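Geometric and topological summary
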Amino acid sequence: MNASERVEFAELVSSVMAYYKQETSPFVVDIWWQACQHYEFEQVRKALTKHATDPERGQFAPKVADIVRQLSGTPTDKAQQAWAKAYAAIGRAGPWQDVVFDDPVIHSVIDTMGGWVKFANVSMDELSYTQHRFMESYRVFFKNPREEYPKVLRGARSPDDEYDRKGLALPAPIVIGSPEVAALVMAGKQISYRDRALIENTA
């Protein structure tokens, strides 16, 4: 959302709270705005409607965390999506090429699992265990991101000095996901999922 939508957003929040017979102060609206401004207005509206019509949660007024959870997903949701992305990348890049994901948490997870080459060489016999380990690690790092992570996951290509001796440029890594977000990962940035939403909505 942009600043011009704040009035409409405030009216939406006030209407929802009125439905639950609760008053809304400017302070409360400001908290909602800070948490939701990186999402599209229609996304927020749908999330609030979904909450209100939920047979269990809908009995109670929504908290900011309830709606953010719907908009960004739970750690388990994110772990499942990350696994699907990482596993698909094996087929696209293979173990020989460098890769950069648009999610620094994936970099942290694969690094702790032995690196990209080992991960990309997973056998079918090990696939189930690897998926379980990946998702468990992802949930941990999702909640507690590492301050530093590998900016690029190195493949089993020739060493950098061989390219230098031959006067060749290093091969560009394969980008998995949003190029804009992957560029920030390569710069070693910490990226929240709200930041990611903002980048992708304005790209």
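Keep in mind it's a predicted model, so treat the numbers as computed, not measured. (Residues numbered from 1 in each chain as written. Predicted model: local features only at pLDDT ≥ 70, side-chain atom pairs only at ≥ 80, totals over all residues. Heavy atoms only, no water.)

**Some thoughts on the environment of alanine 79**
By secondary structure assignment, the location of alanine 79 is in helix H5 (residues 75-93). With 63 residues separating them in the primary sequence, alanine 79 and phenylalanine 142 have C-alpha atoms 8.4 Å apart. When neighbours within four sequence positions are excluded, alanine 79 is seen to be in contact with Phe134, Met135, Tyr138 and Arg139. (Helix = DSSP H or I, 4+ residues; strand = E, 2+ residues; numbered from the N terminus. Contact = heavy atoms within 4.5 Å.)

**A look at the packing of aromatic side chains**
How two aromatic rings sit relative to each other is set out by the distance from centre to centre and by the angle between their planes. One pass over the full model with this rule turns up 10 aromatic pairs. When the centroid spacing of 5.9 Å and the interplanar angle of 65° are considered together, the rings of phenylalanine 101 and tryptophan 116 count as edge-to-face. With phenylalanine 101 in strand E1 (residues 99-101) and tryptophan 116 in helix H7 (residues 116-120), the pair connects residues that are 15 residues apart, well separated along the chain. Here tryptophan 116 falls in the buried class, since its relative accessible area comes to 1%. Among the aromatic residues, those joined into a ring-pair cluster are Trp83, Tyr87, Phe101, Trp116, Phe119, Phe134, Tyr138 and Phe142. (Phe/Tyr/Trp six-rings, centres within 6.5 Å; stacked < 30°, edge-to-face > 60°. Buried < 20%, exposed > 50% of the residue type's maximum accessible area, 1.4 Å probe, protein only.)

**What about the nonpolar core?**
Counting residues in each nonpolar core, the largest one holds 26 residues, and the members touching the most others are Phe101, Ile110, Trp116, Phe119, Phe134 and Tyr138. Elements with a contribution of two residues or more to this core: H5, E1, helix H6 (104-112), H7, helix H8 (124-143) and strand E2 (174-176). The element contributing the most residues to this core is H5, with seven residues. Counting residues in hydrophobic clusters, the runner-up holds 19 residues, among them Val16, Phe41, Ala47 and Leu48. (Core = buried A, V, L, I, M, F, W, Y, C linked by side-chain atoms within 4.5 Å.)

**Some details on unusual backbone geometry**
A positive phi is found at lysine 21, a non-glycine position, where the angle reads about 60°. With respect to the element layout, lysine 21 can be found in the loop between helix H1 (6-19) and helix H2 (26-36).

**A word on the packing of H6 against H8**
Viewed as axis vectors pointing N to C, H6 and H8 meet at an angle of 130°, and their least axial separation amounts to 9 Å. One finds that H6 runs oblique with respect to H8. Read as a crossing pair, H6 and H8 show a hand that is right-handed. Residues Val105, Ile106, Ser108, Val109, Ile110 and Thr112 of H6 touch H8, and the partners they reach there are Arg133, Phe134, Ser137, Tyr138, Phe141 and Phe142. Residues belonging to the contact of H6 with H8 are distributed by class as follows: eight nonpolar, three polar and one charged. (Axes fitted to C-alpha atoms, helices over the stretch in contact; angles between N-to-C directions. Parallel < 35°, antiparallel > 145°, perpendicular 65-115°, else oblique. Left-handed = near helix turned anticlockwise from the far one by under 90°. Nonpolar A, V, L, I, M, F, W, Y, C, P; charged D, E, K, R; others polar.)

**Topic: the environment of lysine 50**
Its location among the elements puts lysine 50 in helix H3 (residues 41-52). Classification of lysine 50 by relative accessible area gives exposed; the value is 57%. As a C-alpha pair, lysine 50 and isoleucine 67 span 17 residues in sequence and 9.2 Å in three-dimensional space.

**Structural notes on the pattern of salt bridges**
Counted under the stated rule, the structure contains 11 salt bridges. In this structure, glutamate 42 engages arginine 45 in a salt bridge whose closest nitrogen and oxygen atoms are separated by 2.4 Å. On the criterion of helical spacing, the pair formed by glutamate 42 and arginine 45 is a turn pair, its members being three residues apart in helix H3. Since its relative accessible area comes to 35%, glutamate 42 is described here as partly exposed. For arginine 154, the salt bridge identified is with aspartate 98, shortest N-O distance 3.1 Å. You can see arginine 154 sitting in the loop between H8 and helix H9 (160-165) and its partner aspartate 98 sitting in the loop between H5 and E1, a full 56 residues away along the chain. Note on arginine 154: relative accessible area 46%, which makes it partly exposed. Judged by its relative accessible area of 4%, aspartate 98 falls in the buried class. (Salt bridge = Lys/Arg side-chain N within 4 Å of Asp/Glu carboxyl O.)

**Side note on H5**
Here H5 is 19 residues long and its end C-alpha atoms lie 26 Å apart, about the 27 Å a rise of 1.5 Å per residue gives. Along H5, the positions that sit buried rather than exposed are Lys78, Ala79, Ala82, Trp83, Ala86, Ala89, Ile90 and Ala93. On an axial view of H5, the arc spanned by its buried residues comes to 140°, and they lie on one face. Among the exposed residues of H5, those oriented more than 90 degrees off its buried face are Gly91 and Arg92. Just past H5, the residue glycine 94 takes up positive phi, approximately 70°. (Expected span 1.5 Å × (residues − 1). Arc of directions from axis to C-beta.)

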